[in-house]
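Geometric and topological summary
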Amino acid sequence: MKKILLIALSLAFFTLSSSNAAIYKGQRIFIKKCLKCHDSGQNFIAKYKMKKWKKLMRKKGKALAEIHLKSEKAKKSWKYFKSKKYARKSKHLKQFLVEYAKDSGNVPACN
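The notes below deal with the structure included here. The model shown is predicted, which means the values in this text are computed figures rather than measured ones.

Here is what the cut-offs are and how they apply
- Residues numbered from 1 in each chain as written.
- Predicted model: local features only at pLDDT ≥ 70, side-chain atom pairs only at ≥ 80, totals over all residues.
- Heavy atoms only, no water.
- Helix = DSSP H or I, 4+ residues; strand = E, 2+ residues; numbered from the N terminus.
- Expected span 1.5 Å × (residues − 1).
- Contact = heavy atoms within 4.5 Å.
- Salt bridge = Lys/Arg side-chain N within 4 Å of Asp/Glu carboxyl O.
- Buried < 20%, exposed > 50% of the residue type's maximum accessible area, 1.4 Å probe, protein only.
- Axes fitted to C-alpha atoms, helices over the stretch in contact; angles between N-to-C directions.
- Parallel < 35°, antiparallel > 145°, perpendicular 65-115°, else oblique.
- Arc of directions from axis to C-beta.
- Core = buried A, V, L, I, M, F, W, Y, C linked by side-chain atoms within 4.5 Å.
- Phe/Tyr/Trp six-rings, centres within 6.5 Å; stacked < 30°, edge-to-face > 60°.
- Lys NZ or Arg CZ within 6 Å of the ring centre and 35° of its normal.

On to helix 5 (residues 58-70). End to end, helix 5 covers 18 Å across 13 residues, agreeing with the expected 18 Å (1.5 Å per residue, within 8%). Along its buried surface, helix 5 packs onto helix 4 (50-56), helix 6 (78-82) and helix 7 (84-99).

Below you can see the structure in the form of structure tokens.
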């Protein structure tokens, strides 16, 4: 009985720990992909509150991608927002955007 419990806890730990998003990865994505168009990075992130960022990043960031795909100004980023890479890594971007949202009180460090 103890072995089964130990195995179940181990599996739960490894499964849950690998699915967590990382703020630093989201920051890296933001720097590589978003600063091309959004020059004022910190001001852009602080444009919305946490609730708005969470809403935009639901369903693997589909709403944020749609905004960019409808905008002619965002033409440079269309390829990225259509890619599977965006869908896979959107959880990190979401974590970063929520962490440094307008109402979070946090300010991203320059890296």
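After that view of the structure, there is still more to cover.
For the structure shown, the criterion picks out one salt bridge. The partner of Glu 72 in a salt bridge is Lys 75, and the shortest N-O contact between them spans 3.6 Å. Looking at Glu 72, the relative accessible area reads 54%, which means it is exposed. Classification of Lys 75 by relative accessible area gives partly exposed; the value is 49%.

Bringing the packing of helix 2 (residues 23-34) against helix 7 into the picture now. One way to put it is that helix 2 packs onto helix 7 with a least axis distance of 7 Å and a crossing angle of 95°. Classified by the angle their axes make, helix 2 and helix 7 are roughly perpendicular. Contacts between helix 2 and helix 7 pair Ile 23, Lys 25, Gly 26, Gln 27, Ile 29 and Phe 30 from the former with Lys 89, His 92, Leu 93, Gln 95, Phe 96, Leu 97 and Glu 99 from the latter.

Next up on the list: helix 2. Burial in helix 2 covers these residues: Gly 26, Gln 27, Ile 29, Phe 30 and Cys 34. All buried residues of helix 2 fall inside an arc of 160° around its axis, so they share one side. Opposite the buried face of helix 2, at more than 90 degrees from it, the exposed residues are Tyr 24 and Lys 32.

Right, let's get into the nonpolar core. Counting residues in hydrophobic clusters, the biggest one holds 19 residues, and the most contacted among them are Phe 30, Trp 53, Leu 64, Tyr 86, Leu 93 and Leu 97. Those elements that provide at least two residues to this core are helix 2, helix 3 (41-45), helix 4, helix 5, helix 6 and helix 7. Element by element, the count of residues in this core is highest for helix 7, at five residues.

What follows concerns the packing of aromatic side chains. Under the defined criterion, the tally for this structure stands at eight aromatic pairs. Taken together, a centroid distance of 5.6 Å and an interplanar angle of 45° make the contact between Phe 30 and Phe 96 tilted. Taken together, the residues Phe 30 in helix 2 and Phe 96 in helix 7 connect sequence positions 66 residues apart. The same class applies to Phe 30 as to Phe 96, namely buried. Here Tyr 80 and Tyr 86 contribute two aromatic rings whose centre-to-centre distance is 5.5 Å and whose plane-to-plane angle is 70°, an arrangement assigned as edge-to-face. As far as burial versus exposure is concerned, Tyr 80 and Tyr 86 are alike and both buried. Connected via pairs of aromatic rings, a cluster forms that spans Phe 30, Phe 44, Tyr 48, Trp 53, Phe 96 and Tyr 100. The ring of Tyr 48 has Lys 52 lying over it, and the distance from NZ or CZ to the ring centre is 5.5 Å.

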